[in-house]
Amino acid sequence: MAHETWIEQQVQGYVYLSESPFSRFKQGGNLASEDVFKGILTSLPKPGGGEYGKFYSLPALNDPRIDRPPYSIRILLESAIRNCDNFRVTENDVEKIIDWENTSEKQTEIPFMPARDLLQDATGVAALVDLASMRDAMKNLGGDPNKIGPLIIQFRLMWQDQKGAVRAYMEIEFQRNKERFGFLKWGSSAFHNVLVVPPGSGIVHQVNLEYFGRIVFNIDGILYPDSLIGTNFHAPMIDGLGIAGWGVGGIEAEAAMLGQPMNMIWPSVVGFKLSGKLHNGVTATELVLTVTQMLRKHGVVGKFIEFHGERMGELSLADRATIANMCPEYGPTMAFFPVDDVTLEYLKLTGRSEETVSMIKSYLYANKLFVDCKEAHHERVYTSHLWLDLGEVESCVSGPKRPHDRVPLKDMKADWHACLDNKAGLKGFGISKEEKDKVVKFSFQGRAAELKHGSVVIAAITSCTNTSNPSVMLGAGLVAMKACELGLEVKQLVKTSLAPGSRVVTEYLLQSGLQKYLNQQGFHTVGYGCTTCIGNSGELDDSVASAISENDIIAASVLSGNRNFEGRIHPLTRANYLASPPLVVAYALAGTVDIDFNQEPIGTGKNGKKVYLKDIWPSNEEALQTYVLPGMFKSIYEAITNGNPMWDQLSIPASTL
């Protein structure tokens, strides 16, 4: 087993902005005090007496048209009503949204004011610099500089290593980024409501899902839906939690931070109906690859997707988040799952309090933003429709060069050979018949080794798309465990890695006893962040790299990521396949993508017995055992701002300027 040091490092962070420092000011500095819809402010009572707060009630409009728009559009409507001051948002804007059924097909512009921004460090650090500069300017103008700064920052370091090297890499990163880290730490003390999360917490989107996502805000006694814009492709992952969110550019994000509405053209809303049930052994990854192919074919760029149907409740919250996270690969602005009882159960699982969950349900129910499968609903109006029977989803991968080129697992071997034969292109490599079966023999760390077209050299369990989903992560651990028990080992040339999206994943893998089997197969935790799917796969062993490049071998990677364009994963892996975490382990064991898992053995186990995929594949029941507990989320996130010794030792000035 190869255990090379991961030499690629990248610092990434993320910023969470809750409320704009200028969200109540008009041009020229006059307070935007007009509250056009204050007449529909309604009290939300608590079950035991008292009230949670007040909210802008959509039913109080007494307009039957509000029952027709999709839930995603109702969130835009509530935002417009709440922010309507006849300056940034006008009554005419509100009317256009209410009249969705008649205006949705027109190129109508509407304003949207998200509840918060989610910025990664490329724009997040810049935002903090801007706020610090504004504070200086405020002082120079004779004002109170401390009025600048309603900002929360979460920062995370992504590193890559194999076992035992985490601290060493953190020390390197702190040496390289001491000034930058110090500035962020200063910001956490200089701005009274800045929260800086030190390195090593996880991928922004998964932490947002598990911890920062509120669903409903309660600020100064006013309740309203959580919503966000983020400066990353996968910001829509939060749509799986029933929070409207999508990715934007840095300028748009900073404008929203400063209280400016986003002006957008009416998005079409595709209603995606789900029916049936996934077959045993079919994973959420295979569902999302199927959905990706369907939506790319339908054409959804710039549109909203809203999932609905009687079987939506069959999908766990983690499965929904997996689908929503894949938005960049099928092209819509967002992929929205309205809040229902499944959402509320996830909130409880991830440690949100009973009182908070009760408040969320009460508000959403009262404002017609909650899906109750037990009650009849008005038929919602969508601009187009898609339908998927979950029972038709089958085991599959996608590749070798595009996320939407889905290949049923049973057809993988034939598809691979077709790709070798086809002329060079999106589904072809142009390999001649004479070269197709070429075998390259060489020495690897003192042992005999060989490479062929289709040999797997990178196998990575990575990306917030899949590592946020306990069923597929536990499934990967179970495949590793069964392989160990039967005497299978990952092939020696395969560079393996495991990069969870949050530390909670490590907790339940340890709790279940499965992490040790992943370790035995080489899938050591290399850090908590974006790795292989953004090209941070590190270098291959020199002998492997030479064998590939000198002999024009079409080497392969298999990863649980979200994009697989040629050259993105690694310069030397021209074939890259997206697969579920359990299949990543299976392909690492096989050592090649040139295999028919239904007919050919993965390898030979103890006593010379041939082992097939079916022998190590877990059932849904095995993968869904109760290893994920609320206490794990509480313990991890209660300590999320505690930092580490290197962070604590950073020296910062006491001044707020």
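Everything here concerns the structure above.
Residues numbered from 1 in each chain as written. Predicted model: local features only at pLDDT ≥ 70, side-chain atom pairs only at ≥ 80, totals over all residues. Heavy atoms only, no water.

Draft legend 1. View of empty space enclosed by the protein. Taken as a whole and assessed by the stated rule, the structure comprises three cavities of 30 Å³ or more. Each pocket or cavity is described by its volume, and for the largest cavity that value is around 80 Å³. Around the largest cavity sit Tyr-71, Ile-75, Ile-215, Pro-225, Asp-226, Gly-242, Ile-243, Phe-336, Pro-338, Val-339, Leu-364 and Leu-369, which together line it. Of the residues in the lining of the largest cavity, the class split is ten nonpolar, one polar and one charged. (1 Å grid on protein atoms, 1.4 Å probe; cavity = no way out; pocket = protein on both sides within 12 Å on 5 of 7 lines; lining within 4 Å. Points joined across faces, edges and corners; volume = space filled by probe spheres on them. Nonpolar A, V, L, I, M, F, W, Y, C, P; charged D, E, K, R; others polar.)

Draft legend 2. Region of the structure containing helix α13 (residues 354-366). Between its first and last C-alpha, α13 extends 18 Å over 13 residues, near the 18 Å set by a 1.5 Å rise per residue. Within α13, the full set of buried residues consists of Val-357, Met-359, Ile-360, Tyr-363 and Leu-364. What you see down the axis of α13 is that its buried residues fit within an arc of 160°, all on one side. Summarising the geometry of α13, the exposed residues directed more than 90 degrees from the buried face are Glu-354 and Glu-355. In this structure, the buried side of α13 is in contact with β2 (41-45), β3 (51-56), α1 (71-82), β7 (216-219), β8 (222-225) and α12 (341-349). (Helix = DSSP H or I, 4+ residues; strand = E, 2+ residues; numbered from the N terminus. Expected span 1.5 Å × (residues − 1). Buried < 20%, exposed > 50% of the residue type's maximum accessible area, 1.4 Å probe, protein only. Arc of directions from axis to C-beta. Contact = heavy atoms within 4.5 Å.)

Draft legend 3. Quick peek at the packing of helix α17 (residues 470-486) against helix α18 (residues 503-512). Orientation of α17 relative to α18, taken along the N-to-C sense of each, is 45°, at an axis distance of 11 Å. It follows that α17 is oblique to α18 by the angle criterion. Classified by chirality, the crossing of α18 by α17 is right-handed. Where α17 abuts α18, its residues Pro-470, Met-473 and Leu-474 lie against Val-505, Tyr-508, Leu-509 and Ser-512. In terms of residue class, the contact of α17 with α18 is made up of six nonpolar, one polar and no charged. (Axes fitted to C-alpha atoms, helices over the stretch in contact; angles between N-to-C directions. Parallel < 35°, antiparallel > 145°, perpendicular 65-115°, else oblique. Left-handed = near helix turned anticlockwise from the far one by under 90°.)

Draft legend 4. Spotlight on the sheet that holds β3. Spatially, the four strands line up as an open sheet ordered β2-β3-β8-β7, and their pairing is mixed. Whereas interior strands pair on both sides, the edge strands pair on one side only; in this sheet they are β2 and β7. Strand-to-strand twist of the sheet, defined as the mean angle between neighbouring strand axes without regard to direction, takes the value 35°. In this sheet, β8 lies alongside β3 in parallel orientation, the contact comprising two bridges. Its bridge partner lying in β8, Lys-54 is registered against Ile-222. With respect to the sheet, α1 is in contact with β3 and β8, its orientation differing from that of β8 by roughly 145°. With respect to the sheet, α13 is in contact with β2, β3, β7 and β8, its orientation differing from that of β3 by roughly 35°. (Pairing = 2+ DSSP bridges.)

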